[in-house]
Structure formats: C-alpha cells, structure tokens
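What follows is each chain in one-letter form.
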Protein chains: 2
Amino acid sequence: MTFLEFCAEHRERVEQRLSRAIPRDDIPPTRLHSAMHYSVLNPGKRTRPLLVYATGAMMGAHPESLDAPAQAVELIHAYSLIHDDLPCMDDDELRRGLPTCHIQFDEATAVLAGDALQTLAFEVLLQAESDIKPAALLRMLKQLTHASGSLGMGGGQAIDLAATGQVLSLQQLETMHLMKTGALIEASVLLGYWASGRQDASEELALKQYSRAIGLAFQIRDDILDIESDTATLGKPQGSDLAANKATYPALLGLDGAKQHAKNQHALALEALNELPYNSLLLQQFAQHIVERDR
Amino acid sequence: MTFLEFCAEHRERVEQRLSRAIPRDDIPPTRLHSAMHYSVLNPGKRTRPLLVYATGAMMGAHPESLDAPAQAVELIHAYSLIHDDLPCMDDDELRRGLPTCHIQFDEATAVLAGDALQTLAFEVLLQAESDIKPAALLRMLKQLTHASGSLGMGGGQAIDLAATGQVLSLQQLETMHLMKTGALIEASVLLGYWASGRQDASEELALKQYSRAIGLAFQIRDDILDIESDTATLGKPQGSDLAANKATYPALLGLDGAKQHAKNQHALALEALNELPYNSLLLQQFAQHIVERDR
C-alpha cells in the first residue's frame, strides 16, 4: 500500500466512524446535530487522525484500538475550527470550500456545536474501553485535555488573537504555534503510540521531537500556501493572513527563508524517527507530505 | 454541623481548589486565565459541587475523593454560563451581580474561556487517579461527558434557544430542563455516589429519581424567583425571562400552580431518598433548600 493509499483508506475509515459517533440529525436538537455533522464531515485533510493511524500502524497496534483516539483528535480539531471562525474571533466565512458553521447555520448554533464536539471527543475516547486498557485510556485522556486547554490549543488561539497586528519574534511565533497546532499533533502521535500498549519514555521523547518538527513544518507550509496557492485549492481565501495582518513565517523570514525553515524541520523530524527501533517509513512519508502538500 | 454550615464549609473547600486548578493569571495567555478565574470564582451558589459533597458524605466517601468531581461539575457549569451569556445566545450583561465575561473582557476571550473551562473540567477529574479507582473514574467521566453534550446540557441550551417565543407544553418544558440543568445535577449526585466506591443499580435509580425531582424543582424555583425577587438579590435582572419571552413554569401553570409543582417535586425527591438504606438527611435538606432558596 502506498502512502496515499494508506491516507485514503484511513480517511474513509475515520469519516465513517465520525458520522456514526455524532447523534443523527433527526434526533433533537436537530439543528445542533446537523451543524455538528456539517462541520466534522466536510472535506477535511484528517491530518490528526491519520497521524494516530500511522503511528499506531508503526507500533503494530490493532486498528480497532486506534479508531477512538483518531476520532477524538479530529473532533477536537473540528470544534476549534468552528469557534476560530466565529465573527468575534477570525471572522471567516469560508472553510474547506464551504460556508463556515455560523454562516451556514447561525452563531449560537456554531458556539453550541463547537462545545458539543469538544465534549463528544472525550465521550468517544471513553467508548474505547473494550479495546484499550484503563491505564492507557486515562493517559490518553490526560494528554488530550492538556493538549486542548488553555496551556495548549485554546491558549494558542488566545495568543494568536492577541498577536494580530503585533510584531512577533521567531521564538514567540514558534511558542504560539506549538500551543495552537503542535500540542494536538503531539497528542495524535502519542495516542497512536499508547494504543499499542507500549509506554517507553525515550521513545515518547523521540515521538515528541518528531511531532514538534512536523507541527511547525505544517504551520510554515500553511503560511507559504497562503501566499503561493489560490482560493480554490485552499478552500479558504488566499492571502487571508496578510489581509488579517497575522504574524507568519514568510513575514518574519521571507518566502525563501520560510521554505528553508520548513526543510530544516523536516530534517529534524527524520532525525527523531531514527531514534526509534521501528520501521518508521509511514511517519517519514507523513513528514515529507506535510512540507510538500499543496492544500 | 447544620446544613448551612455544611454548605459554607464545602463551598469554601471547592472554591479554594478551583482557584488552584485554574492556571495562575500571570501565566500566558494571561487575559484568558484572568477570564477563567473571574468567571469561576465570582460569588456562585456552588449547587452542583455541594451535591457531590453531600451525596459523597451520605456514602461515607473520603472528602479527598470528592474534590475532583466537585470541581469538575462546577467547571462545566461555569463554562456553560459564559457561553449562554454571549450576545449570540441569551445576551446577558449581568451574572451573579457582576458584568458577564464578555462584558468584563471581550467576546473572543469569553468563547475561549468557556472552551478552556470545559477542557479543564475533564482534566481536573483525571487528576483524581490517586483517590479514585480507574473503573470508577472512567464511569464518572462517561457520565459527565454524556450530561454535558448535545444530548444533555448543550442540547438543552439549543432547545431553549429554539423555544424562545414558542408556546411549549409542560412535557416539552420538562424535557428541555432535564437536559439543560437536570443532566448535570444528576451527574453531580452520581459522581458523589461513585466516589465512595459503591455501585448498585437500584441505589443509582433512586438517586436519579431524586436528581430529576430536585433538578426540576430548582428550575421551577428559578422561574418563580425571576418574578418574585429583585435584581439585587438575584444578581441578574429580575423579570428577564418575561422580557426575553422565555417559556417558564409560571407562564404555563400560573404562579400558584408553579409553586404547587415545585412542592410536588420536593415530595418526589424525598420519596426517592426513602428507597436508600443510608442516612439521607443532608440530601433531604438539600431538596428543601432548593425549593425555599431566595437567590
């Protein structure tokens, strides 16, 4: 199976399960459940669930033990996108080529859909009790809460909002992104690792270094695409970072400097994988895909 | 110790722990952490944590095993209040006598503070691993997620919003309140029960019936106070239900009918406690307090 086949197969796998995990949209409150389906099942890249599956596959974990963590990280991601798009936050009207949740439904429904998707992330993960031992499940839940909260993803968004229009140093930009996207990417990798039943501090350290590098590379690539790509490919307005006066890697390092920085992160990711006594081909391909992707 | 002394002591106990559970407001993002402290540590009644402590005390649970669930249910409640108060939802400017979170800070901070408090609820509960066995902890987490999500509290708020200006039947009003407030009250009682290590289906059923009755009584009393009390006592504008054209018990049953309905729920709560082989005096007093409280 090629890397792209692996991605296509597992993208479909997690989407099928997500569709069943969200209460049907004929169950009241129907509008809320419709909004949850709409926001989760639009054409997303599923980067985070794919990282769960890829890391788990490297460890020989049972696919069934990966389904719950894969759904959980995507649900956290989906909730954060809905809230980030709200008028009081980034005020975005387009996401993945479709109207954002508050445009398609309304603001109140968007707030509640995000809230309920966050809850559902933990609820779905808790349903994995038959496939994952209690100690590993509790460890996963802890990692996921920490990655999502005010010292992780949520805090990163707060820092991002406060930084709009400000000049950030490279270090400040990095801290912001490590919280806003890096923490959940790290959680995706660690949850996939722990689902195998394995728990080793030095391997976890290597996986954290890998996650940190691909998380930053992912963000740098995002910033580059915002300049080099077009609205149709991106599914959101091209040039929106510039328009919103956001701190970005190209703004700090220039376009060539940002591309070099992404290459450096790619190299760091591969170095980290070298520390692992496993066949890490899938995770190597993942790192390459992240710096080369065009959407 | 009298009932009011029990409440005062445990209100202080949970507030001290909540204050430590939220990251200090000099840790970035400082504005977000300030908003979280502000919204949780204003003068609340702490009904839900007190129910955890009272049920746990009835069962002889160690107080230390009750601290995490007590904080968790209050954090879920606090997050829901912040989001319910937003301009796109109930658009309230006053809560517990103070400016609501989005007035004191800003809308984006209020959305993020609510989000982060929801995450923190699960994170705090997960920290109880040293006091609560894994199986009981996972059971608590499941109950709390279910009570909070789109089929519980979050869904109840969606139904409430959709119902504004509509004429509801008594049954529709009850369904809405059982989701919006009843589910979290039930979770508070069950979490306190499970913290003792006990798990018995018939006792859980009695506790669910008790919770259902006091949850409804709580809401009926809220509706009555909105008519009979004053803004200073309530800490929010008196008459706001009427102004917002909300479906209420007095609107459906008349003021006397609503008072009788609250008395009936009180009686049902006491009946349910009679099924339990424990000294349930504290929970009896709790039920009485709920129908007699003036704020």
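Conventions used here
- Numbering of residues starts from 1 in each chain and follows the order in which that chain's sequence is written.
- Chains and ligands are labelled by the order in which they are written, letters from A for the one and numbers from 1 for the other.
- Per-residue local features are limited, in this predicted model, to residues with pLDDT of at least 70; the limit for side-chain atom pairs, both in listing and counting, is 80 or more; totals at the level of whole chains, interfaces and linings are taken over all residues.
- Heavy atoms throughout the structure, all of them, feed into the side-chain values; hydrogens and water do not.
- UniProt positions are given in the numbering used here, feature names are shortened, and annotations may be inferred rather than shown by experiment.
- Secondary structure elements follow DSSP: runs of H or I no shorter than four residues count as helices, runs of E no shorter than two count as strands, and numbering proceeds from the N terminus.
- The reference for a compact globule is 2.2 Å times residues^0.38; the radius of gyration itself is calculated from the C-alpha atoms.
- Each residue is assigned to one of three classes by its accessible area relative to the maximum for its type, calculated with a 1.4 Å probe on protein chains only: buried under 20%, partly exposed between the two thresholds, exposed over 50%.
- We call two residues in contact whenever any of their non-hydrogen atoms come within 4.5 Å of each other.
- With residues, only the protein chains shown are counted as cover, and all accessible areas are computed by Shrake-Rupley using a 1.4 Å probe.
- Residues counted as positive are Lys and Arg, residues counted as negative are Asp and Glu, and His and the chain ends are not counted.
- Every charge is mapped onto a representative atom, which is NZ of Lys, CZ of Arg, CG of Asp or CD of Glu.
- Working definition of a nonpolar core: buried Ala, Val, Leu, Ile, Met, Phe, Trp, Tyr and Cys residues. They are joined through side-chain atoms within 4.5 Å.
- Buried area counts how much accessible surface, traced with a 1.4 Å probe, disappears from two parts once they are put together, with both parts' losses summed.
- When a carboxyl oxygen of Asp or Glu lies within 4 Å of a side-chain nitrogen of Lys or Arg, that pair is called a salt bridge.
- Any pair of N or O atoms that falls within 3.5 Å is considered a polar contact. Within protein, one atom must be able to donate a hydrogen and the other to accept it, and sequence-neighbouring residues count only if both atoms are side-chain atoms.
- What a helix is expected to span follows from its residue count: subtract one and scale by 1.5 Å.
- Paired rings are identified among Phe, Tyr and Trp, the last through its six-membered ring, by centres lying within 6.5 Å, and are further divided according to the angle between planes into stacked (under 30 degrees), edge-to-face (over 60) and tilted (the rest).
- Two conditions define a charge located above a ring, namely a distance within 6 Å from the ring centre to NZ of Lys or CZ of Arg, and an angle within 35 degrees of the ring normal.
- Residues below a pLDDT of 70 in either copy are left out; the C-alpha atoms of the rest, at least 70 in both, set the least-squares superposition of the copies.
- Each residue carries a pLDDT score, the predictor's confidence in it, ranging from 0 to 100.
- Only the stretch in contact is used when fitting a helix axis, every axis being a line fitted to C-alpha atoms; angles between N-to-C directions are given from 0 to 180 degrees.
- Throughout, the term roughly parallel applies to angles under 35 degrees, roughly antiparallel to angles over 145, roughly perpendicular to angles from 65 to 115, and oblique to all others.
- Note: crossing handedness is left-handed where the near helix turns anticlockwise from the far helix by less than a right angle, and right-handed where it turns clockwise.
- Following the grouping adopted for this structure description, the nonpolar residues are Ala, Val, Leu, Ile, Met, Phe, Trp, Tyr, Cys and Pro, the charged ones are Asp, Glu, Lys and Arg, and the polar ones are all others, Gly among them.
- Surface patches are drawn from residues lacking salt bridges whose relative accessible area is over 30%; two like charges belong together within 9 Å, two nonpolar side chains (Val, Leu, Ile, Met, Phe, Trp, Tyr) within 5 Å.

An unreviewed UniProt entry annotates chain A as (2E,6E)-farnesyl diphosphate synthase originating from Pleionea litopenaei. A UniProt comment under Cofactor (unreviewed entry) is attached to chain A, and it reads "Mg(2+)".

A.B. asks: What is the right way to read the overall build of chain A from this model?
C.D. replies: Tallying secondary structure elements over chain A gives 14 helices and 2 strands in all. Taken over C-alpha atoms, the radius of gyration comes to 18 Å for chain A, in line with the 19 Å a tight globule of 295 residues would show. In terms of overall dimensions, chain A has C-alpha extents of about 50 × 45 × 35 Å along its principal axes. Each of the 295 residues in chain A was classed as buried or not, and the buried ones make up 58%. In chain A, once contacts between residues fewer than 6 apart in sequence are set aside, the share between residues at least 24 apart is 72%. A total accessible area of about 11600 Å² is found for chain A, and carbon and sulfur atoms account for 49% of it. Distance from the positive charge centre (25 side chains) to the negative charge centre (38 side chains) of chain A: 3 Å.

A.B. asks: Which parts of the structure should I look at to understand the environment of S34(A)?
C.D. replies: Residues and elements named next belong to chain A. Topologically, S34 is positioned in helix α2 (residues 30-40). Residue classification places S34 among the partly exposed residues on the basis of a relative accessible area of 21%. Distance from S34 to F105, taken between C-alpha atoms, is 9.0 Å for residues 71 residues apart in sequence. Every residue in contact with S34, bar those within four places of it in the chain, is listed here: D25 and F105.

A.B. asks: Help me out: how do you make sense of the nonpolar core in this one?
C.D. replies: Judged by nonpolar contacts, the single largest core of 190 residues is most densely connected at L141(A), Y210(A), L141(B) and Y210(B). Ignoring anything within four residues of it in the chain, the contact list for Y210(A) reads L51(A), V189(A), A269(A), A272(A), L273(A), L283(A), F286(A) and A287(A).

A.B. asks: Mind showing me how you'd approach the interface of chain A and chain B here?
C.D. replies: Put simply, an interface is often sized by how much accessible area is lost when its parts join up. Opposite the 42 residues of chain A that make contact, chain B presents 42 residues. Carbon and sulfur atoms make up 73% of the area that chain A and chain B hide from each other, which totals about 3400 Å². Connecting chain A to chain B are 2 salt bridges. A salt bridge links K142(B) to E129(A); the shortest N-O distance between them is 2.6 Å. Where chain A touches chain B, the interface holds 12 residue pairs in polar contact (both at pLDDT 80 or more). Mapped by element, the contributors of at least two residues to the side of chain A that touches chain B are α2, α4 (63-84), α6 (107-126), α7 (134-148) and α8 (153-163) of chain A. The biggest single contributor to the side of chain A that touches chain B is α6(A), with 11 residues.

A.B. asks: Sorry, what's going on with helix α13 (residues 249-274) of chain B here?
C.D. replies: Residues and elements named next belong to chain B. Taking 1.5 Å per residue, 26 residues should reach 38 Å; α13 reaches only 27 Å between its end C-alpha atoms and comes up short. Regarding α13, the residues found buried are Y249, P250, A258, H261, A262, Q265, H266, A269, A272 and L273. Where α13 is buried, its residues contact α9 (170-194), α10 (201-228) and α14 (281-292).

A.B. asks: Would you mind showing me how to read the packing of aromatic side chains here?
C.D. replies: For any two aromatic rings, the description comes down to two numbers: the centre-to-centre distance and the angle of the planes. Applying the stated rule across the entire model yields 5 aromatic pairs over all chains. Relative to F122(B), the ring of F122(A) has its centre 5.1 Å away and its plane inclined at 40°; by these criteria the two rings are tilted. Of this pair, F122(A) sits in helix α6 while F122(B) sits in helix α6 (residues 107-126), which puts the two residues in different chains. Of the two residues, F122(A) and F122(B), neither departs from the other in class, the shared state being buried. With a centroid separation of 5.6 Å and an interplanar angle of 80°, the aromatic rings of F3(B) and F286(B) are classed as edge-to-face. Taken as a pair, F3(B) in helix α1 (residues 3-21) and F286(B) in helix α14 lie far apart in primary sequence, 283 residues in all. For the residue pair F3(B) and F286(B), the accessibility class agrees, reading buried in each case. Over the face of the ring belonging to F218(B) we find R48(B), whose NZ or CZ atom lies 5.8 Å from the ring centre.

A.B. asks: Just checking my understanding: could you explain the pattern of salt bridges for this structure?
C.D. replies: Should the charged atoms of two oppositely charged side chains come close, the side chains can pair. Taken as a whole and judged by the stated rule, the model has 31 salt bridges over all chains. In this structure, the salt-bridge partner of E174(A) is R212(A), at a minimum N-O distance of 2.9 Å. Highlighted residues: E174(A) in helix α9 (residues 170-194) and R212(A) in helix α10 (residues 201-228), separated in sequence by 38 residues. For R24(B), the salt bridge goes to D26(B), with nearest N and O atoms at 2.9 Å. We classify D26(B) as partly exposed; its relative accessible area is 48%.

A.B. asks: Just to check I follow, could you spell out the relation of the copies chain A and chain B for this structure?
C.D. replies: The second copy of the chain is related to the first by a rotation about an axis and a shift along the axis. Screw-axis analysis of chain A against chain B gives a translation of 0.0 Å along the axis, an RMSD of 0.0 Å, and a rotation angle of 180°. The superposition of one copy onto the other is thereby described by a two-fold rotation axis. By C-alpha distance to the rotation axis, the residue of chain A lying nearest is P134(A), at 3.1 Å.

A.B. asks: Is there a simple way to explain the side chain of D223(A) in this structure?
C.D. replies: Here D223(A) is to be found in helix α10. Here D223(A) is in contact with H177(A), D241(A), T248(A), Y249(A) and P250(A), once residues within four sequence places are set aside.

A.B. asks: Any chance you could explain the confidence of the model for chain A here in plain terms?
C.D. replies: The predicted coordinates should not be examined in detail at positions where pLDDT is low. Looking at chain A, pLDDT values average 94 and 98% of them are 70 or higher. Interface confidence for the predicted complex, given as ipTM, is 0.96, next to a pTM of 0.96.

A.B. asks: I tried to follow the packing of helix α3 (residues 47-58) of chain B against α10(B) on my own but got confused; where do I start?
C.D. replies: Each pair of packed helices can be summarised by the angle the axes make with each other and by the distance between the axes. Residues and elements named next belong to chain B. One way to put it is that α3 packs onto α10 with a least axis distance of 14 Å and a crossing angle of 150°. The angle between the axes of α3 and α10 places the two elements in the roughly antiparallel class. Of the two possible hands of crossing, α3 and α10 adopt the one that is right-handed. Contacts between α3 and α10 pair T47, R48, L51, T55 and M58 from the former with L207, Y210, I214 and F218 from the latter.

A.B. asks: Help me understand the environment of V291(A), please; the structure alone is not making it clear to me.
C.D. replies: Residue and element names in this part refer to chain A. Locating V291 in the fold gives a position in helix α14 (residues 281-292). Along the chain, V291 and S65 lie 226 residues apart, while their C-alpha atoms are 29 Å from each other. If we ignore the near neighbours within four places in the chain, the residues touching V291 are A217, R221, A262 and H266.

A.B. asks: Teacher, can you tell me more about the packing of α6(B) against helix α7 (residues 134-148) of chain B here?
C.D. replies: Residues and elements named next belong to chain B. Direction vectors running N to C along α6 and α7 enclose 165°, while the axes themselves pass 10 Å from each other. The pairing of α6 with α7 is recorded here as roughly antiparallel in orientation. Along this stretch, α6 crosses α7, giving a crossing that reads as right-handed. In this structure, α6 contributes F122, L125 and L126 to the contact, and α7 contributes L137, M140, L141, L144 and T145. Looking at side-chain class alone, the contact of α6 with α7 contains 7 nonpolar, 1 polar and no charged residues.

A.B. asks: Can you walk me through a nonpolar patch on the surface in this structure?
C.D. replies: Together, L170(A), L252(A) and L253(A) make up an exposed nonpolar region whose accessible area comes to about 200 Å². Tracing the chain through its elements places L170(A) in helix α9.

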